[in-house]
Amino acid sequence: MVNFPTWKKVLVALICFIGLAFAAPNFAPKDVTEQLPSWLPNQQVNLGLDLRGGSHLLLEVEVQAVIDEYLEALVGSARDELRSERIRYRSLSKTETSVGVTIPDAVDREKALELLRGVDAGAEISVEGDRIIIEMTEAQKIERRVSAVQQSIEIIRRRIDETGVREPTIQRQGDDRIIVQLPGIDDPERVKDLLGQTAKMSFHLVDIQNSVEEALAGRVPPGSMLLPMIEGASGPGNLNAILVKKRVAVSGENLVDAQPSFDGRDNQPVVSFRFDTLGAKKFGKITTDNVRRPFAIVLDGQVLSAPVIQEPILGGAGQISGNFSVQNTQDLSLLLRAGALPAPLTILEERTVGPGLGADSIAAGEIACLVGLIAVIIFMAIAYGRFGIYADLALMANIFLILGMLSMLQATLTLPGIAGIVLTIGMAVDANVLIFERIREEVRLGRNPIAAVDAGYSRALTTIIDSNLTTLIAAILLFSFGSGPIKGFSVTLAIGIVTSMFTAIMLTRLFVVTWLRAKRPDTLPL
Amino acid sequence: MKPLNLIPADIDLAFIPKRKLFFVFSFILVIASIGMVFTKGLNFGIDFKGGILIEVRTPEAADIGKMRGQLNNIGLGEVSLQEFGEPTDVLIRIPRQDGGEKAQQEAVNTVKAALGEGVTYRRTEVVGPQVSQELLRDGLMAVSLAILAILVYIWFRFEWQFGVGAVCALVHDVVTTIGIFALLGFEFNLSTVAAVLTIAGYSINDTVVVYDRVREKLRKYKKMDLPDLLNLAINRTLSRTVITSLTTLLALLALFFLGGEVIRDFSFAMIWGVIIGTYSSICLAVPLLIYFGLDDRARGGIAGDDDPEIIEEAQ
């Protein structure tokens, strides 16, 4: 143990140097480090949102909505198929995962079975008595869930990018959840508003044959639907509801651009839009065939407005009026440009920290670290003299190594993470305390300095490993089960354990052995 | 510089003979903690209960009474307000709202509207009912798994008696920490779980060091009475135990006083944990070994791999 081959010395020095190099960018201003060449370590510690300020949102994609929508469409196509073949059926309905239809006639049922197989090739189809059940398979559900979440992430990214938030993090968590992190946003109200709407837009013809009053009384004619008007707007007859055809005339998916602008005549805020080729063609046909009739612009189940078509619109461009403010038209055009979410999002968790609190936390954390460090350094010097100072040097190297590791791994430093570093400062010297106490005992047993140091290090080693491994177990469990800031704490704790074992065992030994060899003292100052 | 020997090398305090006293003390402590949890209850934070937490800063010293008036009549249930670190800072806690995740978001807007302009929102945390249940489940899971993993590790590295002893001490530390949180009404949240796990790590760390020495003495002094041997092991490691606890406490005190309001409860839990962890390692984990049949058979088993150096020393 007292032998310290040159290669080992070089290795210890090299590790310390690398740690220092990776830690160094943290002590320079950000604009300096950004100009460093890429082969040099130039990354600073990645600060968590609780330190830099920002907003963390945990969203859940309502996957059931996608499945419902799909089953609703399945009911529609089943109805069309059965009707076209004139098969008599009743109670065609959907449950959470399946569509069922009762067909009393056995021959018809056989025929229907063939027909319905073609409607959804992937689903499992079975007959229970006189009822045919089309059940979604597990694989189909997973596929829909995965694609809904994937698509949601894409749309969320586009919407957030449009708001100009810098460096947002958007990632999937678990099966149907999405984490959105918005650095520097201390009031996520606007983002939450934007994410709170699915923004499914469609154009429908208004049902003018039937009366809204009848529909309001509960007699909605088949093929039509009763929709509420958006707040502040009113439909025909000044009612706040309107009867529109179920059939989508043109879908919002055909939009290619949307911009806020003002109406040429009354200067009201409106959204100007443009359709793609297919949409322009459909829109042209609809407007040509229905001049002087109203059509409804529907957004998320609400009618924005229902203007009367004055003349055929053939160019594929138009505008949406409504009772809009300028902010409304800006948001709506943003949503239309970014596209519709496949399913509604629910905010499960929100944690927002303002820049003031973040900066205060960093300042408090730095002071606590510094004071804790100085207190421990003084204490160790008093308790162990020369050896204590060696331990202190190792402790300082340890701080740099932790910083360097954090920067290198780009792990996130959170406020509890800083607490982890402070705790490490206190516990890092434990290994040295163990070693030094052991050396003292060996000296008392009458060993000469070199033998005592040798025995001290080797005897203490197993204890150090045992005790540190148990703490490491706790840190790893914290990492696996903790969330957010707690993960940050476990990361610094785990890194701290590893680096402190290195500095306390290897680095102090290098100091002690070098000193022993140079001075050859008769007694140890311990 | 002449080093200071804080604990004399030949210290011989009678820990083991006083073990009954420690057992009674700890027993009362554990029972009181459990009683506290059941009678007074834990003050669960929003992490585990769901709800809303908002930290605001007002331009001048906050008038909490006036704020309470503004917030208690807007139909959000019992809103609690508390000065937080500075006279200008107020922590507002709003209970979980009925009506799922959306209702929580609406409540935040209601609060912001009620407080009006002029206040800065330093922190807003909203945890819905679904997530809070998961966080509680994960927290309990982490603590139980940590204790189990540590038991297995100690069992693997020592004899089973040591594993059981260490876990008894560990459970004692965890229970009393939870008890003191109930007693003082401190908020029990995710950070507290992290603190409890770290306390578990620290306490076991301490225990392992003493156990290591017990194992060594068992090999060395085969004829010595177990209680005397255990007492010797404790006294020989006492200097280390005290010094490490002191350095850790120094760092934690800095964190408690200077680390800011947000992690003050967290640092408090750790400080308590270091003290109770040190106590339990010495006064519970080691004396308990006497009752787990760490008999001659176990000692014989350990003694199988005699260290020649040690025998030479003993002569």
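Given the structure is predicted, the values throughout are model-derived calculations rather than measurements.

A. Fine view of the overall build of chain A. If you tally the helices and strands in chain A, you get 14 helices and 19 strands. A globule of 526 residues ought to have a C-alpha radius of gyration of about 24 Å, yet chain A, at 35 Å, is considerably larger. Its C-alpha atoms give chain A principal-axis dimensions of roughly 110 × 65 × 40 Å. Long-range pairs, those at least 24 residues apart, make up 70% of the contacts in chain A with a sequence separation of at least 6.

B. How the structure looks around the interface of chain B and chain A. Across the boundary between the two partners, chain B contributes 65 residues, which contact 69 residues of chain A. Taken together, the elements giving at least two residues each to the side of chain B that touches chain A come down to strand 2 (51–57), helix 4 (100–115), strand 5 (120–127), helix 5 (129–157), helix 7 (190–220), helix 8 (226–258) and helix 9 (264–285) of chain B. In terms of residue class, the side of chain B that touches chain A is made up of 37 nonpolar, 16 polar and 12 charged.

C. Inspection of the sheet that holds strand 8 (residues 177–183) of chain A at higher detail. The sheet built from 8 strands is open, its strands ordered 7(A)-8(A)-2(A)-18(A)-5(B)-2(B)-4(B)-3(B) with antiparallel pairing. One side of each edge strand has no neighbouring strand; the edge strands of this open sheet are strand 7 (169–173) of chain A together with strand 3 (80–84) of chain B. Between one strand and the next, the sheet's axes are offset by a mean angle of 20°, whatever the strand orientation. Those strands touched by helix 4 of chain B are strand 18 (345–353) of chain A together with strand 2, strand 4 (86–95) and strand 5 of chain B, and its axis lies near 25° from that of strand 2 of chain B.

D. View of the domain arrangement of chain A. Domain annotation for chain A reports domain 1 (6–52 + 354–519), domain 2 (64–141) and domain 3 (201–315). Centre-to-centre separation of domain 1 of chain A and domain 2 of chain A, based on C-alpha positions: 65 Å.

E. Structural detail: the sheet that holds strand 9 (residues 201–205) of chain A. Here 4 strands make up an open sheet; going across it, the order is 12-9-15-16 (chain A) and the pairing antiparallel. Single-partner strands in this sheet number two, and they are strand 12 (250–251) and strand 16 (302–305) of chain A.

F. Quick peek at the environment of P221 of chain A. Mapped onto the elements, P221 of chain A comes out in the loop between helix 8 (212–216) and strand 10 (224–228). Taking the C-alpha atoms as reference, P221 of chain A lies 9.6 Å from K245 of chain A; in sequence the two are 24 residues apart.

G. Representation of the packing of helix 5 of chain B against helix 6 (residues 160–184) of chain B in the model. All names here are of chain B. Remark: helix 5 packs on helix 6, axes separated minimally by 8 Å, with the N-to-C direction vectors making an angle of 155°. With respect to each other, helix 5 and helix 6 are oriented roughly antiparallel. The handedness of the crossing between helix 5 and helix 6 is right-handed. Contacts between helix 5 and helix 6 pair V143, I147, I150, L151, I154 and W155 from the former with W160, F162, G163, A166, V167, L170, V171 and V174 from the latter. Looking at the contact of helix 5 with helix 6, its residues break down into 13 nonpolar, 1 polar and no charged.

H. The arrangement of the packing of helix 1 (residues 19–39) of chain B against helix 6 of chain B in detail. All names here are of chain B. As a packed pair, helix 1 and helix 6 sit with axes 8 Å apart at the nearest point and diverge in direction by 50°. By the criterion of interaxial angle, the relationship of helix 1 to helix 6 is oblique. Considering only the axes of helix 1 and helix 6, their crossing is left-handed. In this structure, helix 1 contributes S26, L29, V30, A32, S33, I34, M36 and V37 to the contact, and helix 6 contributes H172, V175, T176, I178, G179, A182 and L183.

I. A look at the environment of N448 of chain A. Assignment of secondary structure puts N448 of chain A in the loop between helix 12 (415–444) and helix 13 (449–481). Linking N448 of chain A and P521 of chain A, residues 73 residues apart in sequence, is a C-alpha distance of 9.4 Å.

J. Inspection of the nonpolar core at higher detail. One finds V303, V376, V422 and L478 of chain A together with A146, L197 and A200 of chain B to be the most contacted residues of the largest nonpolar core, which totals 222 residues. With 23 residues, the single largest contributor to this core is helix 11 (residues 355–409) of chain A. When near neighbours in sequence (up to four residues on either side) are disregarded, V422 of chain A contacts A368, C369 and G372 of chain A together with A251, A254 and L255 of chain B.

K. Inspection of the confidence of the model for chain B at higher detail. Residue and element names in this part refer to chain B. Chain-level pLDDT for chain B is 85 on average; 93% of the residues reach the 70-or-more range. At the level of individual helices and strands, chain B shows its lowest average pLDDT in helix 11 (residues 308–314), which scores 43, and its highest in helix 1, which scores 95. The ipTM value of the predicted complex is 0.85, and its pTM value is 0.80.

L. Quick look at the pairing of strand 3 (residues 90–94) of chain A. All names here are of chain A. Counting buried residues in strand 3 gives 0 out of 5 residues, a small share hidden from the surface. Inspection of the sheet shows strand 3 paired to strand 4 (residues 98–102) by 3 bridges, in the antiparallel sense. Across the sheet, residue S93 finds its bridge partner in strand 4, namely G100. Linking two consecutive strands that pair antiparallel, namely strand 3 and strand 4, is a turn of 3 residues.

M. Seen up close, unusual backbone geometry. All names here are of chain A. The phi angle at R86 is positive, at roughly 55°, despite the residue not being glycine. Structurally, R86 is set in the loop between helix 4 (63–84) and strand 3. The exposed category is assigned to R86, around which 7 C-beta atoms lie within 10 Å. Unusually for a residue other than glycine, A199 sits at a positive phi of about 65°.

Parameters at a glance
- The written sequence of each chain sets the order in which its residues are numbered from 1.
- Ligands are numbered from 1 and chains lettered from A, in the order in which they are written.
- pLDDT decides what is reported in this predicted model: residues at 70 or higher carry local features, side-chain atom pairs at 80 or more are listed and counted, and totals for whole chains, interfaces and linings draw on all residues regardless.
- Numbering of helices and strands runs from the N terminus, with a helix taken as a DSSP run of H or I at least four residues long and a strand as a DSSP run of E at least two residues long.
- The globule rule used for comparison is 2.2 Å times the number of residues to the exponent 0.38, while the radius of gyration itself is calculated over C-alpha atoms.
- By the convention adopted here, residues are in contact when the distance between their C-beta atoms, placed from the backbone, does not exceed 7 Å.
- Under the convention adopted here, Pro, Cys and the residues Ala, Val, Leu, Ile, Met, Phe, Trp and Tyr are nonpolar, Asp, Glu, Lys and Arg are charged, and Gly plus all remaining residues are polar.
- Should DSSP find at least two bridges between two strands, the strands are regarded as paired.
- Here the axes come from fitting lines to C-alpha atoms, over the contacting stretch only for helices, and the angles between their N-to-C directions go from 0 to 180 degrees.
- For each domain, the first and last residues come from an automatic or database assignment.
- Between 65 and 115 degrees an angle is taken as roughly perpendicular, under 35 as roughly parallel, over 145 as roughly antiparallel, and anywhere else as oblique.
- Here a crossing is called left-handed whenever its near helix is offset anticlockwise from the far helix by less than a right angle, and right-handed whenever the offset is clockwise.
- Joined through C-beta atoms within 7 Å, a set of buried Ala, Val, Leu, Ile, Met, Phe, Trp, Tyr and Cys residues constitutes a nonpolar core.
- Counting other C-beta atoms within 10 Å of its own, a residue is labelled buried from 20 upward, exposed at 12 or fewer, and partly exposed in the gap between, with every C-beta atom placed from the backbone.
- pLDDT: the predictor's confidence for each residue, scored from 0 to 100.

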